[in-house]
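Fold and geometry: a report
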Amino acid sequence: MQNTQQSSSLNPCILVIFGATGDLAGRKLYPALYNLAQDQLLPECFAVVAVGRKAKSNQDAQADIIESIKAFSRTEYTGSDEDLEFLKCFHYFQLDFYDSAGYAGLKKLLDGIDQQCQTEGNRVFFLAVAPEHFAPIALELKAHGMAHNQGSWQRVVIEKPFGHDLESAQKLNSVIRSTFAEEQIYRIDHYLGKEMVQNLMVLRFANTLFEPVWNNKYIDHVQITFAETVGVEGRGAYYEKAGALRDMVQNHMLQLLTLIAMEPPVDLATESIRDEKVKVLRSLKVNPENVVRGQYGPGVVDAQQVVAYNQEQRVAPDTNVETFVALKTYVENFRWAGVPFYMRTGKRMPKKYSEIVISFKKLPGVLYFRDEQLDPNLLVIRVQPDAGIFFKFNAKKPGTEHSIVPVSMDFSESSLAGFNTPEAYERLLFDVMRGESALFTRWDEVQYAWQFIDQIARHWHAANAPAVVYPAGSFGQAQADYLIRSDGREWHEY
Ligand code: BG6
């Protein structure tokens, strides 16, 4: 995100954060606001209302915000008044989300802030709360006249998970849609806010080089790996209902797949891009037999002994929930027919990284490709850490011998942006405030993603498929390797 946008170009607004004392607000939202403030990317007339269930004074709530900035901001906390300017119009509001009368008090507070801070009735309601609260809060906002969109704007930001299967997502959507119109709804997938994910379309459509070879004639297969070293960290209760399939594949991984596989949109308008992404989701085919399910056992990660998933807090000792998924899927259309997309994601892996590998076809077995050892060309897109792209190709080794070696061309994002690139939530908050929803998911994207996931979940349920244990600190169990090796390929690890 370039610092070309002055704060004055954004409409005044109040950011109302539900779940203001929670983990997401502390780790991501306050640090993001702090950095947006430093980059002058907040509206000139701006207020923050932190809504939480605990009793807290404005001063205590502000002190907690400063602590989260110190702990989690990508830029160091300066302590200067200027950098804390975004808290100039700040209120903490205690609310039990199920106490209807309390919402009248919230409305009164927001209307009062409009007078004090010239916020003109514009609101962003950020629901950083557990998913079961999304619908009740939206209904109360509507019932108390806070969801209307007349003369001023109101937007609601909804964190994932959006439902836990297609049916529950449809129900949630119909409630939310009865309160806010589709264009007022911002469904977050924070991966879409990551710099390198935004770079995917630029890479594909702003270069002559890639588009002509971006198809089944030249690409052998695609791999997407999201590996994490963390376990479920205090989120056992949520994770027991989600598992890796719903937590990572349904959203982040399928979103990335759509950006890799989509056709060029007719223009860069939000709906044009979303239309193309939906076509990819509709073309996805998976044989549930080609999905591997694993669960971490005890092991060593980052030189620390860690417990098994079934020993984590608020996890059932006999749980069958997966912390690892590997799968093979196909995008059945003219561009991609026959090209497998392999995906894998897991917790308690040996290292944290998210990466896409585009593996090109080998040339015919004549000339240099007689030698089976010669590697195919690979385009590796590293989403994190050290976001960047590298292209691996073959070249002659200098010298008199005629040997060929793989070499690579590297682009590291930090070389352009400096080491401190904006966090995903900075970009996403900024986009909500300016009413730009291309980096958020439209309802039909969510719907088709659930259709895909439900096929797998139903199969697991019917077959009573066990989540096979892998040692923490490894790349999942042997079946994941078998899935790709049985096709004569292997996982790339960079
Ligand atoms: C979240 C998942 O959506 O993404 C977490 O709920 C996961 O389980 C996280 O750890 C990973 O995000 P990132 O940005 O750290 O790769």
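Refer to the structure presented above.
What comes next is a walk through the structure.

About the cut-offs
- Residues numbered from 1 in each chain as written.
- Predicted model: local features only at pLDDT ≥ 70, side-chain atom pairs only at ≥ 80, totals over all residues.
- Heavy atoms only, no water.
- Salt bridge = Lys/Arg side-chain N within 4 Å of Asp/Glu carboxyl O.
- Helix = DSSP H or I, 4+ residues; strand = E, 2+ residues; numbered from the N terminus.
- Buried < 20%, exposed > 50% of the residue type's maximum accessible area, 1.4 Å probe, protein only.
- Patch = residues over 30% accessible without salt bridge, like charges linked within 9 Å, V, L, I, M, F, W, Y side chains within 5 Å.
- Areas by Shrake-Rupley, 256 points an atom, 1.4 Å probe, with all protein chains shown as cover.
- Right-handed = clockwise from strand over helix to strand, strands pointing away.
- Pairing = 2+ DSSP bridges.

**Some thoughts on the pattern of salt bridges**
Counted under the stated rule, the structure contains 32 salt bridges. A salt bridge links D247 to K160, with the nearest nitrogen and oxygen atoms 2.9 Å apart. With a gap of 87 residues between them, D247 in helix α7 (residues 236-261) and K160 in the loop between β5 (154-158) and α5 (166-179) connect regions that are remote in the sequence. The buried category is assigned to D247, whose relative accessible area is 2%. A network of salt bridges, in which partner residues are shared, links E271, R274, D275, K277, R442, D444 and E445.

**Examining a nonpolar patch on the surface**
Residues V366, L367 and Y368 make up a contiguous nonpolar surface patch of roughly 340 Å² in combined accessible area. Tracing the chain through its elements places Y368 in the loop between β12 (353-360) and β13 (378-384).

**Considerations on the pairing of β5**
Across the 5 residues of β5, 5 count as buried, placing the element largely inside the fold. Taking every second residue as pointing to the same face, both faces of β5 are buried, with Q154, V156 and I158 on one and R155 and V157 on the other. Once the chain exits strand β4 (residues 123-127) it traverses helix α4 (residues 134-143) before rejoining the sheet at β5, and the crossover so formed is right-handed. Note: β5 against strand β6 (residues 185-187), 3 bridges, orientation parallel. Paired with I158 across the two strands is R187, which belongs to β6.

**With respect to unusual backbone geometry**
Omega for the bond connecting K160 with P161 falls within 30 degrees of zero, at 0°, which places this linkage in the cis form. Note that P161 resides in the loop between β5 and α5. In the segment running from Q384 into P385, the intervening peptide bond is cis, with an omega of -10°. For P385, the location among the structural elements is in the loop between β13 and β14 (388-396). A positive phi angle, close to 60°, is found at E120, a residue other than glycine. Tracing the sequence through the fold places E120 in the loop between α3 (100-117) and β4. With a phi angle near 60°, R314 is a residue other than glycine that sits in the positive phi range. Since its relative accessible area comes to 63%, R314 is described here as exposed.

Remember, this is a structural readout, not a statement about activity or role.
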